[in-house]
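If you want the building blocks of each chain, they are given just below.
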Amino acid sequence: MAQDSMVQQGDPSQMSFEDALRALESIVRRLESGDVPLDESISLYSQGEELRKRCMERLQAAEARIAKLTLDASGAVTGAQPFGAD
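Bear in mind that the values here come from a model prediction, so they are computed numbers and not experimental data.

A. Representation of the pattern of salt bridges. As enumerated under the stated definition, the model contains 4 salt bridges in all. Notably, a salt bridge pairs R52 with E49, separated by 2.6 Å at the nearest N-O pair. Residue R52 and its partner E49 are located together in helix α3 (residues 38-65), separated by 3 residues, close to a single helical turn.

Here it is as structure tokens:
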């Protein structure tokens, strides 16, 4: 199965967000199918956890780069503050 081999390839820390998310979704589908032996389920779960961590790190990094611009009454930019710093 092509998706299964993708899950086995590469270090999650070197994967793009999109590739890590696709691999995680593939793992979830396999685990939810109920057709995976216990030992393989444990291995897949471990891989999934690493991929989940990678996705969360990438999302947090992206969030940290987003700045909320502040405007004056005329619409001119007067500054920026970190995302979520309301």
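B. Layout of the packing of helix α2 (residues 17-33) against α3. Relative to each other, α2 and α3 sit at 150°, their axes nearing to 9 Å. Of the possible angle classes, the one that applies to α2 and α3 is roughly antiparallel. By crossing handedness, the relation of α2 to α3 is classed as left-handed. Each of F17, A20, L21, A23, L24, I27, R30 and L31 in α2 lies in contact with α3, whose residues at this interface are E40, S41, L44, Y45, Q47, G48, L51, R52, R54, C55, R58 and L59.

Rules behind the numbers
Residues numbered from 1 in each chain as written. Predicted model: local features only at pLDDT ≥ 70, side-chain atom pairs only at ≥ 80, totals over all residues. Heavy atoms only, no water. Salt bridge = Lys/Arg side-chain N within 4 Å of Asp/Glu carboxyl O. Helix = DSSP H or I, 4+ residues; strand = E, 2+ residues; numbered from the N terminus. Axes fitted to C-alpha atoms, helices over the stretch in contact; angles between N-to-C directions. Parallel < 35°, antiparallel > 145°, perpendicular 65-115°, else oblique. Left-handed = near helix turned anticlockwise from the far one by under 90°. Contact = heavy atoms within 4.5 Å.

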